Amino acid sequence: MAVTGLRVGYGGRLVLDGVDLRVGPGQWVSILGPNGSGKTTLLRAVGAYLKPVSGTVTVDGRPAASFGRRELARLLAAVGVDLPPDFPLAVGEYVMLGRIPHSSGWGWEDARDRQAVARALEQTGTAGLADRPMDRLSAGERQRAQLARALAQEPAVLLLDEPTVHLDISRQVELLDLLQRLRSETGLTVLAVLHDINLAALYSDLLVLMRDGRPVASGPPARVLTAETLEAVYGCPVVVQRHPLRPVPQVFVIPGRAAGAAGPAAETAR
Amino acid sequence: MTAATVTAAGRRVWAALARPAARRRLAVTALGAALVLAVVLSLGMGAVAVPPGEVLRILMGWLTGDVADPAAHRIIVGIRLPRVLLACLVGAGLGAAGAAFQGLFRNPMADPYVIGVSGGAALGAALAVFLGLQVNVLGFGAVPVLAFAGAVGAALLVHGLAGGGRRHAMSVMSLLLAGIAVAALTQAVVSLLVYLSGERLRPIVFWQLGSLNGAAWPEVALMAVYTGAGLAALLRLSPTLNALLLGEEAAHFLGVDVGRARVQLLFAGALMTAAAVSTSGVIGFVGLIVPHGVRLVIGSDHRGLVPAAALAGAAFLVACDTAARTLMAPAEIPVGIFTALAGAPFFLYLLRRYSRRAGGSRL
């Protein structure tokens, strides 16, 4: 998957201004950056939910715009785009919605659809919840159900918009471990918007650091996560050190030294 | 984990996945049976009471061309059957349209009456009569054609006023306020037309109250075409409605062309509402209560919800109309008053029962 010279705007204002990005098959690429830097917009443009002003997105060597919607939905699935479920729906029924791009005619499910759903439930550890109404799930369970719904689409690429938000640390690690495992088992490609720089560093092959609609730095975590780059992007001083157990940089903020209003405190409060 | 427990767990998941479809089939079958029962009972009720067995015999005789008792035949087939069938079709159309509007607007308060679509249709129909228009579109006269235009116009207006097209679900409040405004506007214009025309437009008053009085075979045929087409379209769009439950962005990522789907759903719903209004006036609350009640029982999957709401709407309107024409006979109560009187308590009962069982609010 590749993005070249992508410019996207809402009502005349450019939110993405020249983004280039390359995601290899089976890679995990995470997008980082302050609020309003265009991370979610990039994800939406990659999924053809937003039309670019200029530039192209190619998936599997073909321009994304040349795919039919359903065809694209069988290739790309998104997590974190749902509105909260206001209508009664069991987890099994919800995950079955992931089969919509594969269904035809009147949309009746067949054994193949049920197999895909059963597999997705099992992969995400939500099989025991199949009968449970969606609005009775904990935040962690809901995230896993969303992931199951996306996996039921049997995509090649998973787009994740802040999948760990509202989760406590054990659930965050559980979810990211699950994604890591799926990736090594099935060769899934992952493009994720993540809030937590340290988690992104631990799980991603490549990081893309965005500011004002442009990638400021991209590459392996060790290259992107330097104190100078982060201070320039987030506007607050940080210390970068190696993780005690893994050869990966981790970022530490320094209390009482936020340079501007848009510091990391505002970032985590969102 | 041993192989045996894996298969047992696998079987449990498989059973859990098959359950919603089985529940939908059961509900549709049960509602179909209830509708047949309601039709047969209703045909037997009235100034001349006919027992259900006799009703069935007469209907069989009618279908096979064997009329044993001409007087009973005239009452059942000639007078009551068109009215009961019209009630079925109008009820089915309003119920299914309500389910579609609720799904489309992602809002349990949406219904053809509440969001002003019925009012728009009534205005169109009243204009056609007032101006004495003569049009012919695909065999349909001025009244249904203008009713359809009015319904679509009102739907688009409410949709626009309530902030549709933005990324987020329309709030209940903005939808209701826009609907109330459009309904009040259309009603005022209809009233003005009635006032200006004097006696000539007396029949328009009936559109505002809603009544199945005056049902005849041509109306039944017209309704069958409109409702059949609308229902087929909505059944076809059921997977799309399901995707829209998750919001527009999620629906896009499930392969739905959201803009096109919205227009298709709006048109199908407006078509059914317009047909109902042009033959029987503004009958409220059927499209609100029926899909709501059905959803509480069988869940939100529109592949089951749309047909179940159509069948339940049909049975509900047949029951209401039977009460409307028999309770104070020979006088008749407008059926729109009845749908509200009977529907609201039933709805409250369902709400209490199911929110208690599920242990909290699901609405």
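All figures in this text were calculated on a predicted structure; none of them were measured in a lab.

Undergrad: When you look at the packing of helix H3 (residues 70-104) of chain B against helix H8 (residues 217-236) of chain B in this model, what are you seeing that I'm missing?
TA: Pairs of packed helices are described in terms of their axes, by the angle between the two and the distance that separates them. Residue and element names in this part refer to chain B. Look at H3 against H8: their axes get within 9 Å of each other, and the N-to-C directions meet at 25 degrees. Regarding the angle of H3 to H8, the classification is roughly parallel. Note on packing geometry: the crossing formed by H3 with H8 is left-handed. Contacts between H3 and H8 involve Val77, Leu81, Pro82, Leu85, Leu86, Leu89, Val90, Ala92, Gly93, Ala96, Ala97 and Ala100 from the former and Trp217, Glu219, Val220, Met223, Ala224, Thr227, Leu231 and Leu234 from the latter. Of the residues belonging to the contact of H3 with H8, the class tally is 17 nonpolar, two polar and one charged.

Undergrad: I tried to follow a nonpolar patch on the surface on my own but got confused; where do I start?
TA: Residues and elements named next belong to chain B. A surface patch of nonpolar side chains, amounting to about 440 Å² of accessible area, comprises Met60, Trp62, Leu63 and Trp217. The dominant element in the nonpolar patch, judged by the number of residues it contributes, is helix H2 (residues 52-64), at three residues. Within the secondary structure layout, Trp62 lies in helix H2.

Undergrad: What should I look at first to understand helix H5 (residues 142-161) of chain B in this one?
TA: With 20 residues, H5 of chain B extends 28 Å from end C-alpha to end C-alpha; this agrees with the ideal 28 Å at 1.5 Å per step. All of the buried residues in H5 of chain B are Ala142, Pro144, Ala147, Gly150, Ala151, Val152, Ala154, Ala155, Val158 and His159 of chain B.

Undergrad: When you look at the packing of aromatic side chains in this model, what are you seeing that I'm missing?
TA: The geometry of an aromatic ring pair is captured by two quantities: the separation of the ring centres and the angle between the planes. Within the structure shown, the criterion is met by four aromatic pairs over all chains. An angle of 45 degrees between the planes, with centres 6.1 Å apart, marks the rings of Phe101 of chain B and Phe105 of chain B as tilted. Given a relative accessible area of 0%, Phe101 of chain B falls into the buried group. One Lys or Arg, Arg62 of chain A, reaches over the ring of Phe67 of chain A and ends 4.0 Å from the middle of that ring. Over the aromatic face of Trp106 of chain A sits the side chain of Arg236 of chain B, whose NZ or CZ is 5.0 Å from the ring centroid.

Undergrad: Explain the interface of chain A and chain B here, please?
TA: One widely used convention gives an interface's size as the accessible area the parts lose upon coming together. At the interface, 47 residues of chain A touch 44 residues of chain B. Carbon and sulfur atoms supply 61% of the area buried between chain A and chain B, which totals about 4200 Å² over both sides. Interface area lost by chain A to chain B is led by Tyr49, Phe87 and Trp106 of chain A, which between them contribute 19%. At the surface where chain A touches chain B, the tally comes to five salt bridges. Contributions of two or more residues to the side of chain A that touches chain B are made by helix H1 (39-46), helix H2 (69-73), strand E6 (76-79), helix H3 (91-96) and helix H4 (111-123) of chain A. Counting residues per element, the side of chain A that touches chain B draws most heavily on H4 of chain A, at six residues.

Undergrad: Please explain the state of the cysteines as it appears in this structure.
TA: Two cysteines whose sulfur atoms are joined by a covalent bond form what is called a disulfide. Residues and elements named next belong to chain B. Tallied over the full model, the rule gives zero disulfides over all chains. In this model Cys88 remains outside any disulfide bridge; the closest cysteine sulfur is found in Cys320, 13 Å from its own. Classification of Cys88 as buried rests on a relative accessible area of 12%.

Cut-off values and rules
Counting from 1, residues in each chain are numbered in the order their sequence is written. Chain letters and ligand numbers both follow the written order, the letters beginning at A and the numbers at 1. It should be noted that, the model being predicted, local features are given only for residues of pLDDT at least 70 and side-chain atom pairs only at 80 or more, the latter also being counted only at that level, while totals for whole chains, interfaces and linings use all residues. The basis for every side-chain value is the complete set of heavy atoms in the structure, and neither hydrogens nor water enter the calculation. Under this scheme, a helix contributes an axis fitted over its contacting stretch, all axes are lines through C-alpha atoms, and angles between N-to-C directions fall in the 0 to 180 degree range. Runs of E in the DSSP output that reach at least two residues are strands. Runs of H or I that reach at least four are helices, and both are numbered from the N terminus. Small angles under 35 degrees read as roughly parallel and large ones over 145 as roughly antiparallel, with 65 to 115 read as roughly perpendicular and the rest as oblique. The crossing is said to be left-handed when, going from far helix to near helix, the turn is anticlockwise and less than a right angle, and right-handed when the turn is clockwise. Contact definition: two residues touch when any of their heavy atoms are within 4.5 Å. Three categories are distinguished: nonpolar for Ala, Val, Leu, Ile, Met, Phe, Trp, Tyr, Cys and Pro, charged for Asp, Glu, Lys and Arg, and polar for the others, with Gly belonging to the last. To count toward a patch, a residue needs a relative accessible area above 30% and no salt bridge. Like charges then connect within 9 Å, nonpolar side chains (Val, Leu, Ile, Met, Phe, Trp, Tyr) within 5 Å. Only the protein chains shown count as cover for residues, with accessible areas throughout obtained via the Shrake-Rupley method and a probe of 1.4 Å. Think of a salt bridge as a Lys or Arg side-chain nitrogen and an Asp or Glu carboxyl oxygen that are within 4 Å of each other. In a helix, the anticipated span is given by 1.5 Å times the number of residues less one. Residue exposure (1.4 Å probe, protein chains only): buried if accessible area is under 20% of the type maximum, exposed if over 50%, otherwise partly exposed. By convention, a stacked pair of Phe, Tyr or Trp rings (six-membered ring in the case of Trp) has centres within 6.5 Å and planes under 30 degrees apart, an edge-to-face pair has planes over 60 apart, and any other such pair is tilted. We count a charge as sitting over a ring when the NZ of a lysine or the CZ of an arginine lies within 6 Å of the ring centre and within 35 degrees of the ring normal. By definition, the buried area sums, over both parts, the 1.4 Å-probe accessible area that each loses when the two are put together. When two cysteine sulfur atoms are found within 2.5 Å, that pair is recorded as a disulfide.

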